[in-house]
Amino acid sequence: MNNQWSDIRRSLTHRCAGLGIPVSGTFELTPRCNLRCRMCYVRLTPEQMAPIGQERTAQQWLEMAQWAKDAGMAFLLLTGGEPTLRQDFCEIYEGMAQMGLSISINTNGTLLTPELRALWHRLPPAQVNVTLYGTDREDYEALCGNGEAYDAVVDGLDWLQQEGILVHLNTTMVPSNAAKWQQLEQVAQQRKLELRMTAYCFPPNRRDQSCFQRLEPEEAGRLIVKDILFREGPEGVLEKARSLTTPLPRSCELDNGEPILCMAGRAQFWITWNGSMAPCAMLTQPTADPYEAGFAAAWQQLRQLCAPIRLCPDCVSCPEAKTCLNCAAVTLAETGRFDGKPEYMCRLNRAYRQELCALAETLE
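(A) Spatial organisation of the overall build of the protein. Helix and strand counts for the protein come out as 14 helices and eight strands. Relative to a compact globule of 364 residues, whose C-alpha radius of gyration would be 21 Å, the protein shows 21 Å and is just as compact. Pairs at least 24 apart in sequence give 74% of the contacts found in the protein among residues at least 6 apart. Accessible surface, the protein as shown: approximately 17000 Å² in total, 49% of it carbon and sulfur. Side-chain charges in the protein split into 35 positive and 43 negative, and the spacing between the mean points of these groups amounts to 3 Å.

(B) The packing of helix α4 (residues 89-97) against helix α5 (residues 114-122), seen in detail. Direction vectors running N to C along α4 and α5 enclose 5 degrees, while the axes themselves pass 10 Å from each other. In terms of orientation, α4 and α5 fall into the roughly parallel class. Here Phe89, Cys90, Tyr93 and Glu94 of α4 come into contact with α5, specifically with Glu115, Leu116, Leu119, Trp120 and Arg122. A class-by-class count of the residues in the contact of α4 with α5 yields six nonpolar, no polar and three charged.

(C) Geometry of the side chain of Asn177. Checked against the element boundaries, Asn177 lands in the loop between β5 (167-172) and α8 (181-190). Judged by its relative accessible area of 2%, Asn177 is buried. Among the polar contacts made by the side chain of Asn177, one reaches the main-chain carbonyl oxygen of Thr172 at a distance of 3.0 Å. The contacts of Asn177, once residues within four sequence positions are left out, are Tyr133, Leu143, Thr171 and Thr172.

(D) Region of interest: the sheet that holds strand β4 (residues 127-131). Sheet architecture is open: eight strands sit in the order β6-β5-β4-β3-β2-β1-β7-β8, paired in mixed fashion. The open sheet terminates on both sides in strands that have one partner only, identified here as β6 (194-198) and β8 (277-278). Both β5 and β6 contribute to a ladder of five bridges, which runs parallel. Paired with Thr172 across the strands is Thr198, a residue of β6. The sheet contacts of helix α3 (residues 58-71) involve β1 (24-28) and β7 (268-271), and relative to β1 the element is tilted by about 170 degrees.

(E) Focus on the nonpolar core. If you look at the biggest cluster of nonpolar residues, it comprises 98 residues, and the most contacted ones within it are Phe27, Leu78, Tyr93, Met96, Trp120, Leu160 and Phe269. When residues of this core are assigned to their parent elements, the largest contribution, eight residues, is made by helix α9 (residues 217-243). Leave out the neighbours within four places in its chain, and Phe269 touches Pro22, Ser24, Gly25, Thr26, Phe27, Ala68, Met73, Met277, Ala278, Pro279, Phe295 and Trp299.

(F) Local environment of α8. Residues of α8 that are buried include every one of Trp181, Leu184, Glu185 and Ala188, and no others. The buried side chains of α8 occupy one side of the element, clustering within an arc of 100 degrees when seen end-on. Elements that come into contact with the buried residues of α8 comprise β5, β6 and α9. Backbone geometry just after α8 places Lys192 at a positive phi near 60 degrees.

(G) Representation of helix α7 (residues 149-163) within the structure. Taking 1.5 Å per residue, 15 residues should reach 21 Å; α7 reaches 21 Å between its end C-alpha atoms and fits that length. Every buried residue of α7 is accounted for by Ala149, Tyr150, Val153, Gly156, Leu157, Trp159 and Leu160. Looking at the buried side of α7, the elements it contacts are α5, β4, α6 (137-144) and β5. Gly164 sits one or two positions beyond α7 and adopts a positive phi of about 80 degrees.

(H) The confidence of the model for the protein, seen in detail. In the predicted model, the protein carries a mean pLDDT of 91, and 94% of its residues have values of at least 70. Counted against residues more than four places away or in other chains, residues 250-255, with its pLDDT under 50, gives nine contacts.

(I) Up close: the pairing of β7. In the sheet, β1 pairs with β7 via four bridges, with the strands oriented parallel. Residue pairing in the sheet places Thr26 in a bridge with Trp270 of β7.

(J) Region of interest: the pattern of salt bridges. Evaluated as defined, the whole model comprises 18 salt bridges. Ionic pairing is found between Glu55 and Arg86, a salt bridge with its closest N-O pair at 3.7 Å. Highlighted residues: Glu55 in the loop between α2 (46-49) and α3 and Arg86 in the loop between β2 (75-79) and α4, separated in sequence by 31 residues. The shortest N-O distance in the salt bridge between Asp136 and Lys180 comes to 3.3 Å. One end of the pair, Asp136, is in the loop between β4 and α6; the other, Lys180, is in the loop between β5 and α8, and 44 residues separate them in sequence. For Lys180, a relative accessible area of 16% puts it in the buried group. In this structure, a network of salt bridges that share partners links the residues Glu185, Asp227, Arg231, Glu232 and Lys240.

What counts and how
- Residues numbered from 1 in each chain as written.
- Predicted model: local features only at pLDDT ≥ 70, side-chain atom pairs only at ≥ 80, totals over all residues.
- Heavy atoms only, no water.
- Helix = DSSP H or I, 4+ residues; strand = E, 2+ residues; numbered from the N terminus.
- Rg over C-alpha atoms; globule rule 2.2 N^0.38 Å.
- Contact = heavy atoms within 4.5 Å.
- Areas by Shrake-Rupley, 256 points an atom, 1.4 Å probe, with all protein chains shown as cover.
- Lys, Arg positive; Asp, Glu negative; His and termini not counted.
- Charge placed at Lys NZ, Arg CZ, Asp CG, Glu CD.
- Axes fitted to C-alpha atoms, helices over the stretch in contact; angles between N-to-C directions.
- Parallel < 35°, antiparallel > 145°, perpendicular 65-115°, else oblique.
- Nonpolar A, V, L, I, M, F, W, Y, C, P; charged D, E, K, R; others polar.
- Buried < 20%, exposed > 50% of the residue type's maximum accessible area, 1.4 Å probe, protein only.
- Polar contact = N/O pair within 3.5 Å; in protein donor to acceptor, adjacent residues only side chain to side chain.
- Pairing = 2+ DSSP bridges.
- Core = buried A, V, L, I, M, F, W, Y, C linked by side-chain atoms within 4.5 Å.
- Arc of directions from axis to C-beta.
- Expected span 1.5 Å × (residues − 1).
- pLDDT = per-residue confidence, 0-100.
- Salt bridge = Lys/Arg side-chain N within 4 Å of Asp/Glu carboxyl O.

This is how it looks when you write it as structure tokens:
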């Protein structure tokens, strides 16, 4: 049922992209968080927030949800920061749920209060994405600055699964927890949950970088291959290795690079905590102001601004492009421009392909 629902949503989103319908939205309710994760791209303190803007009220978010629904939004992700940190989160969630929207939540899973549990028991979300940073208190202390948070996450996961709420586990690999990747996968298997592991961390282009940490690109590429072997077995490795020899179909060589190929700015949008509309979380430009212009007008403006964006011309003819994770957001974050060449991603992809081929040779 989960895969069927995902397929339906994916198909609908692609159709809406061709029609210019904003079927999928994300509301970033706050940049505040009760954890202090080293690789976070958005977390801000109230003092850091003050010169940038202020959080929108519950009423403003509810009005925005209605405007977006009227324009075609059916799927809504509520995220942060930590969205459940807001004292009015239950008010926001219930109001949006009563609009008939399919709502998913990004959360660290530490703040599932009795009030929130009662609400989700009555009006369950379509999906809850819980980020798992480690397998014990020590991991959470090292990466998130709060060892006791681990116990709260485990308790929250237990409750969500008992309720029958669809849960996905997310995890991000950085130097302090990279050695735990297999243990994290085992936790997911024991709970019969899907784990989405991220080995690539965007540079924190929306906050101070002084505490930022991420894997070296070669380490990230190798880790992705190890995870494929663990989840898909030898056949999964061999199948992906064989696919490396199949070139990407190209109708022509583009002198000015490819446009945005994902759904960002085509069928999906992101509204930040202080009210700016962007194509996705990691694209700090272009933006529009849905509060000033109105949602429908801001969406059309964003679409027009995204249309002429072109990526690095060299990437179009790169023989390794098929497996590269590069996108407009990566390019902008890594190089500060859309047509730049993100060397970090080049190195990651090269290491991934080399590791994949080397491992496949030992398995054949």
